[in-house]
Amino acid sequence: MTQAHTPDQVWWRQASFYQIYPRSFMDSNDDGEGDLAGIIAKADYLAALGIDAVWLSPFYPSPLADGGYDVANPREVDPRFGNLDDFDALISTLHSRDIKVVVDVVPNHVSVEHEWFKQAVASPTGHPSRERFHIRDGRGVDGSLPPNNWVSVFGGSAWSRLADGQWFLHLFDSSQPDLNWTHPDVVADGLETLTFWLDRGVDGFRVDVAFGLMKDMTYADHHDPQALIDAMRLDLFDPERDPSLPNPREVLRGGPFFDRDEVHEIYRGWRRLLDTYSPERMSVAEAWAYPASRAMDYARADELHQVFNFDFMVTPYRADAVIKNAQEVLDNVSLVGAPATWVLSNHDSARVVTRLGGGARGAARARVLAMIAHALPGGVYIFQGEELGLEDAEIPDADRQDPIWFRTQGQDPGRDGARVPLPWEAAGEHYGFSKAAKLWLPQPGDWHEVCVDVQENRDGSFLSLYRSMLTLRSEVNRECSEKDFAWLTEVGAVDSEIVAFTRGDALTVIANLGRQSVSVKDLLWGKQVFLMTGTFDGEHLASDSCIWLR
Ligand code: NOJ
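Basis of the calculations
Residues numbered from 1 in each chain as written. Predicted model: local features only at pLDDT ≥ 70, side-chain atom pairs only at ≥ 80, totals over all residues. Heavy atoms only, no water. Buried < 20%, exposed > 50% of the residue type's maximum accessible area, 1.4 Å probe, protein only. Helix = DSSP H or I, 4+ residues; strand = E, 2+ residues; numbered from the N terminus. Pairing = 2+ DSSP bridges. Contact = heavy atoms within 4.5 Å. Polar contact = N/O pair within 3.5 Å; in protein donor to acceptor, adjacent residues only side chain to side chain. Phe/Tyr/Trp six-rings, centres within 6.5 Å; stacked < 30°, edge-to-face > 60°. Lys NZ or Arg CZ within 6 Å of the ring centre and 35° of its normal. 1 Å grid on protein atoms, 1.4 Å probe; cavity = no way out; pocket = protein on both sides within 12 Å on 5 of 7 lines; lining within 4 Å. Points joined across faces, edges and corners; volume = space filled by probe spheres on them. Nonpolar A, V, L, I, M, F, W, Y, C, P; charged D, E, K, R; others polar.

Trainee: How do you make sense of the pairing of strand 11 (residues 379-383) when you look at a structure like this?
Mentor: With five of five residues buried, strand 11 is to be regarded as a mostly interior element. Of the two faces of strand 11, the one lined by G379, Y381 and F383 and the one lined by V380 and I382 are each fully buried. Sheet analysis places strand 1 (residues 16-20) next to strand 11, joined by four bridges and oriented parallel. Residue pairing for strand 11: Y18 is matched across the bridge by I382. Of the strand pairs in this sheet, strand 10 (residues 341-343) and strand 11 are connected by three bridges, and their pairing is parallel.

Listed below in structure tokens is the structure:
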């Protein structure tokens with residue numbers, strides 16, 4: 001018998017969040033792009049999935065140069081996605097099904113179509129409206145060189161020139177000018193945006209580029225600007241790196257635009273606002289910091305509520321690596337008392353089945369990792385389509401949309417492969433997503449078997465597994481707190497490819513990430529299997545299999 005702790009009272013600490021990329025979820029008006037009414041139409045699907053909350057990627061007016069992360073007006077709905085009435089209807093529809101709604105906020109930058117930027121561009125050099133951005137004179141005799149050597153996350157210089165010869169900073173695409181967060185208008189406007197959506201009933205915010213808002217206002221050159229950008233490459237998060245070698249991510253410390261100490265004051269202001277609302281609202285930061293423990297500062301008690309722990313998106317599929325990574329996350333979150341967040345994929349990453357090798361093996365492995373992630377203490381984030389076991393789609397070059405593809409002159413294909421519209425019905429046009437002649441991104445021709453309608457009627461499908469897992473995980477988390485957790489792996493003579501842990505008396509998890517079947521007899525303790533993927537004969541757990549017991 002283990003000591004049971006009191007279950008966590010707040011809704012968000014151990015919630016499951018389902019990320020909706022609105023453009024690719026469901027198209028209600030057959031224009032080839034998803035919309036808010038499409039999400040409402042699929043509310044029963046979301047309820048049946050058993051999630052606690054949805055996180056909506058941006059649906060704000062936008063030229064969609066960066067999939068909506070280029071916001072022209074943060075307090076409106078893009079007509080392509082609907083209008084504010086649709087948004088209100090979406091909130092009430094989802095709330096009536098006990099699903100919370102979290103929306104993306106994009107504070108680091110706006111679109112070139114934003115009123116402020118248009119005003120700054122139309123105003124003469126030196127006009128106060130330009131101070132809301134980072135607009136500077138260039139270097140060289142005629143100012144034709146950028147103000148410094150900073151580079152964009154998406155490739156190329158981080159500066160683009162205005163018609164009058166000055167330059168503006170954009171850490172991402174040239175259509176996404178960075179805001180100057182030392183300007184009081186910018187701070188006030190950020191709070192106004194939060195208030196606007198809070199008053200419409202949203203339950204929380206996902207904060208885009210939360211670690212990037214403050215810049216070195218001396219605009220000094222950096223000794224290795226490309227290294228600052230490369231430091232966010234997922235392969236550099238390789239947990240297998242030799243710790244005695246210099247870590248290329250070290251460069252982030254004290255850098256000119258990421259993870260600067262001043263940024264935290266912004267979130268203290270945001271938290272004061274969020275705390276005035278009841279029931280409790282939450283926020284989650286996208287913050288790539290080094291070391292990972294530093295990312296936790298964004299989730300201190302007086303700042304945001306969670307930070308994404310992206311570790312599972314890079315962990316090699318090996319038991320020791322998974323255990324080490326998960327323990328590091330748990331150690332890090334305990335520094336600030338925040339819950340862990342487990343992420344297998346999102347709209348910026350490869351889909352998890354693809355990352356794990358694709359095909360039947362990739363799928364089997366993704367199911368095992370999902371059963372581990374959904375059982376660990378804390379919150380879990382699911383990217384739409386992950387529950388269907390989708391793989392990245394091949395996108396013809398002519399159809400690509402991601403600015404990364406364009407800014408790297410085709411060297412980096414970008415993220416479109418993970419963003420393809422969802423397949424709902426095997427027999428429907430565009431798999432039931434839309435009746436438009438052409439979709440904004442094409443779907444593969446071989447998705448019939450992964451469609452929702454096929455999977456929901458098939459025992460053992462990916463979708464069935466996710467539904468069971470999400471419902472059962474809620475039951476487990478109602479019984480126990482995040483503190484109810486212990487590794488079992490060192491108990492008994494088991495193979496090192498086993499990951500095993502308990503959540504109090506509510507759940508035991510045993511997963512075999514190895515190539516051989518393994519006897520897990522010593523870990524069973526008479527408990528009964530209530531969920532599994534792969535093969536288990538009562539004693540031996542096959543390769544790429546996982547069981548939940550109680
Ligand atoms: C992170 C978002 O997730 C990504 O999609 C976007 O391109 C950048 N931030 C810039 O907003």
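Trainee: Could you clarify how one ought to interpret the environment of D412 in this entry?
Mentor: In this fold, D412 is placed in the loop between helix 12 (403-407) and helix 13 (452-455). Along the primary structure D412 and A350 are separated by 62 residues, whereas in three dimensions their C-alpha atoms are 13 Å apart. When near neighbours in sequence (up to four residues on either side) are disregarded, D412 contacts I404 and W405. A polar atom in the side chain of D412 sits 2.9 Å from the backbone nitrogen of G414.

Trainee: Is there a simple way to explain the packing of aromatic side chains in this structure?
Mentor: How two aromatic rings sit relative to each other is given by the distance of their centres and the angle of their planes. In total, this model carries 36 aromatic pairs according to the counting rule given. Note on F196 and W197: the rings are 4.8 Å apart at their centroids and 85 degrees apart in plane angle, and the pair reads as edge-to-face. Look at Y267 and W270: their rings are 5.3 Å apart centre to centre, the planes differ by 90 degrees, and that puts the pair in the edge-to-face class. Here Y267 pairs with W270, and both are found in helix 7 (residues 263-274), just three residues apart, close to one helical turn. This pair shows no difference in class: Y267 is buried, exactly as W270 is. What links up through ring pairs into an aromatic cluster is the set W11, F17, W55, W288, F308, F310 and Y381. R23 extends its terminal NZ or CZ atom over the ring of W440, reaching a point 3.9 Å from the ring centre. The ring of W405 has R400 sitting right over it, with the charged end atom 5.0 Å from the ring centre.

Trainee: In this structure, what is going on with the side chain of N346? I would like to understand it.
Mentor: Residue position: N346 is located in the loop between strand 10 and helix 10 (352-355). Exposure remark for N346: the relative accessible area of 7% places this residue in the buried category. A polar atom in the side chain of N346 sits 2.8 Å from the backbone nitrogen of D348. Discounting chain neighbours no more than four positions away, the residues touching N346 are Q19, F310, M313 and F383.

Trainee: Got a minute to help me understand empty space enclosed by the protein in this structure?
Mentor: Empty space among the atoms becomes apparent when a probe as large as a water molecule is rolled across them. Applying the stated criterion to the full structure yields two cavities of 30 Å³ or more. Along its surface, the largest cavity is lined by 19 residues, and P74, V106, P107, D189 and T193 are the ones closest to its centre. Elements that contribute at least two residues to the lining of the largest cavity include exactly strand 3 (100-105) and helix 5 (184-199). Ranked by residue count, the leading element in the lining of the largest cavity is helix 5, at five residues. Class assignment for the residues of the lining of the largest cavity results in 13 nonpolar, four polar and two charged. Estimated volume of the second largest cavity: approximately 50 Å³.

Purely geometric stuff here, so don't read any function into it on its own.
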